[in-house]
Structure formats: structure tokens, C-alpha cells
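Inside the fold
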Amino acid sequence: MRTTVETLDSSREPVGDPLAEGADVWLLAEEDVDRFAEATGGLELLTEEERARHDRLLFPAARTRFLGARLLSRQVLSQYADVHPGEWRFDKGRFGRPSVQGADWGLDFNITHTNGLIAAIVVRGRTAGVDAENTPARPEAIQFAPKVFTPLEQEVLRRDREDQRGHAFADSWVAKEAYTKATGMGMARGFDAFSVHRLRGGGLAVVDDEIPQDERPLWQIQVLQVWDRFALGIAIRASEQDSGPIPVRMRSAMAELLPNSPTGGAR
């Protein structure tokens, strides 16, 4: 399912834990990272190891996205737990997926960045992955379809209208990468080892033989369109207690997290 996100509405704030019934996705434009960093603490919030990684990056744009992703993660997580943004510490899974270290807040998060956009998803008691890419995909990127899509996905892509093929490729790519990030494997999992298919009634479904049969209904995959320039893939594994689709709310980092914003700092 592809949904266009034009505006972010934070006025309908749920009572109690905002993650009890849904997931939050926070957006930060790359062009706003410098202002966001200046307002929230910048490099001082990062660990010594993170600052060293930042400084080793050769290109200014890469340093900007790295800093924005780390600051967004910290500021976002502090919206759901009584922890100062500078105090968060992270572990890495076998394939590099970051997770919250220390106190068990029940929080799971994932971060993505592409040219122009940084996004973070946060859930509690569930698992989530997120990926973003510019859309439509360039023709040279579409040429990689045989290496990253299953034969059936390739056939569906070929049958799409030529003027929509770039969007279809980007949508499929971000859906598949969000799923692998949610599983913790990321790019270590071959994209041609599983499929993401469009459902007749709208929405997407993952077909993966490695998911146990009783777990398959717990997976929710969707693609959102952000600012008419980005495809944003979201994958959520619901808990066994969830009885339906997990609502996803889109939130603005600049509007809600800066210290002088009307809702900034509120938990």
C-alpha cells in the first residue's frame, strides 16, 4: 500500500503511552540537520566512538547524515523513556543492527537515511524496520532488479507502466530492506530469497519460507510517500497480543523535538 504523506499532524496525541497501540515514524530533512544539531547538543551528545566515526567520513554530506541519524535516534528515544538524549548507549546485533543497551524500556527502533531525508521508527513491545530512498528510482538502479528481486517480482515490475516503473522499483526496494532490517539481518539477507507482493485489496504481504507459519500474520509491510520525493518502507512485527494492523503516525522532528517548539520535549 502506498500512502502520500503531505502534512504531519501531532494534534491528535493519544492518551498515555503513545506507543501502546501504534508506531511513530519521525522525519528530519537533511537540510535541517545543522539547525537540529545546534538546538539539541550536536556532537557533544555522541559517544567518543561515534565522534571518531563521524570524523573519519570523507564527505560533508555523509557526516551530516551520520550526525543527523545519531541525534534523531537519541532525541526520539527520550520521548518515550526518562533518559537524557546523551545517556543512551547502543549494542549491535550479529549483522550490525543497533538496539538499546541497558534498561529494558521495551523499546525497539530503527533508523534510515538517504540523500535528503533521515527517518526513525520507534515501537514498544514490537519489532520494526524502516528504509527510505529517493523516488522514482533511476533507470540504472532498475537494471539491478534481476539481482535483488525474485522472478515473480521482476515479472510484476516489467508489467508495470513504463512511467511508473521507477516508483514501483523504489517501493519494492524499501519494503524489502525495511523487512530485512526488522529481522536484524539487513543486507546480509539476499533480497531474492523472499518476496513482497501487492494484495488485491491494497497493502503488501511478505512471502518468506523462513518465517514460521504461525508468525506470518504478525508481519505488516507498507510503503509511504514522503514529500513527493521519497519512498519510505516500514516493516513491523506485531506482538502476539495485537489484534489488528498497527497504526503508524508520522511525526516531524523539527516541529516537535526542538526545545522551543510548542510540543518539544513533551513525553
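Residues numbered from 1 in each chain as written. Predicted model: local features only at pLDDT ≥ 70, side-chain atom pairs only at ≥ 80, totals over all residues. Heavy atoms only, no water.

An unreviewed UniProt entry lists the chain under the name 4'-phosphopantetheinyl transferase superfamily protein, from Streptomyces cylindrosporus. We quote the UniProt Sequence similarities (unreviewed entry) comment for the chain here in full: "Belongs to the P-Pant transferase superfamily. Gsp/Sfp/HetI/AcpT family." (UniProt positions renumbered as here; feature names shortened; annotations may be inferred.)

Here helix α6 (residues 151–159) crosses helix α7 (residues 165–183) at 155°, and the two axes come no closer than 9 Å. Regarding the angle of α6 to α7, the classification is roughly antiparallel. Crossing of α6 against α7: the hand is right-handed. Each of Glu153, Leu157 and Arg158 in α6 lies in contact with α7, whose residues at this interface are Arg165, Ala168, Phe169 and Lys176. (Axes fitted to C-alpha atoms, helices over the stretch in contact; angles between N-to-C directions. Helix = DSSP H or I, 4+ residues; strand = E, 2+ residues; numbered from the N terminus. Parallel < 35°, antiparallel > 145°, perpendicular 65-115°, else oblique. Left-handed = near helix turned anticlockwise from the far one by under 90°. Contact = heavy atoms within 4.5 Å.)

A few words on the pairing of strand β5 (residues 107–114). β5 sits mainly inside the fold: seven of its eight residues count as buried. Strand direction decides the pairing type here: β5 and strand β6 (residues 117–124), joined by eight bridges, are antiparallel. By the bridge assignment for β6, His113 is matched with Ile118. Following β5, the chain reverses through two residues before pairing antiparallel with β6; Gly116 in that reversal takes a positive phi of roughly 110°. (Buried < 20%, exposed > 50% of the residue type's maximum accessible area, 1.4 Å probe, protein only. Pairing = 2+ DSSP bridges.)

For the rest of this paragraph, the subject is the packing of helix α2 (residues 48–56) against helix α3 (residues 60–77). Contact pair α2 / α3: the axes reach a minimum separation of 8 Å and the direction vectors enclose 155°. Comparing the axis directions of α2 and α3 gives the class roughly antiparallel. The way α2 lies across α3 gives a crossing that is right-handed. Residue-level inspection shows Glu50, Arg53 and His54 of α2 in contact with α3, the latter providing Arg63, Phe66, Leu67, Arg70 and Arg74.

Moving on, we come to the UniProt feature "domain: 4'-phosphopantetheinyl transferase" (unreviewed entry) in the chain. Residues given the UniProt feature "domain: 4'-phosphopantetheinyl transferase" (unreviewed entry) here are residues 129–234. Between the C-alpha atoms that bound residues 129–234 the distance is 6 Å, and the span itself is 34% helix and 25% strand.

Under the 1.5 Å per step criterion, the end-to-end length of α7 is 27 Å for 19 residues, consistent within 8% with the ideal 27 Å. Of all 19 residues making up α7, 15 are buried, and the element is well covered by its neighbours. Of the residues trailing α7, Gly184 is marked for its positive phi of about 95°. (Expected span 1.5 Å × (residues − 1).)

Applying the stated rule across the entire model yields 19 salt bridges. For Arg124, the salt bridge is made with Asp17, and the minimal N-O distance between the two is 2.8 Å. Pair noted here: Arg124 is in strand β6 and Asp17 is in the loop between β1 (2–5) and β2 (23–29), with a separation of 107 residues, a long-range link. By relative accessible area, which is 29% here, Asp17 ends up partly exposed. (Salt bridge = Lys/Arg side-chain N within 4 Å of Asp/Glu carboxyl O.)

Strand pairing in a sheet relies on backbone hydrogen bonds, with the paired strands running either antiparallel or parallel. If you walk across this open sheet you meet the four strands as β5-β6-β2-β12, and the pairing is mixed. A single partner strand is all that each edge strand has here, and the edge strands are β5 and β12 (248–252). Taken pair by pair, the neighbouring strands of this sheet meet at an average axis angle of 20°, ignoring direction. The pairing of β2 with β6 spans six bridges and is antiparallel. When the bridges of β6 are listed, Ala29 appears paired with Leu117.

There is about 720 Å³ of room inside the largest pocket. Lining the largest pocket we find 31 residues, and of these Arg70, Lys92, Gly96, Pro98 and Ile111 sit closest to its centre. Broken down by secondary-structure element, the contributors of at least two residues to the lining of the largest pocket are α2, α3, β3 (90–92), β5 and α7. Ranked by residues supplied to the lining of the largest pocket, first place goes to α3 with six residues. The class makeup of the residues in the lining of the largest pocket is eleven nonpolar, eight polar and twelve charged. (1 Å grid on protein atoms, 1.4 Å probe; cavity = no way out; pocket = protein on both sides within 12 Å on 5 of 7 lines; lining within 4 Å. Points joined across faces, edges and corners; volume = space filled by probe spheres on them. Nonpolar A, V, L, I, M, F, W, Y, C, P; charged D, E, K, R; others polar.)

Once that is clear, we can look at unusual backbone geometry. Keep in mind that most residues, glycine aside, have a negative phi and that most peptide bonds are trans. Note that the residue after Thr135, namely Pro136, is joined by a cis bond; omega there is 0°. As for its placement among the helices and strands, Pro136 is situated in the loop between β7 (127–134) and α4 (139–142). One non-glycine residue, Trp227, lies in positive phi territory at about 55°. Note that Trp227 resides in the loop between β10 (219–226) and β11 (230–237). A relative accessible area of 29% places Trp227 in the partly exposed class. A positive phi angle is found at Asp228, which is not glycine, with a value near 60°.

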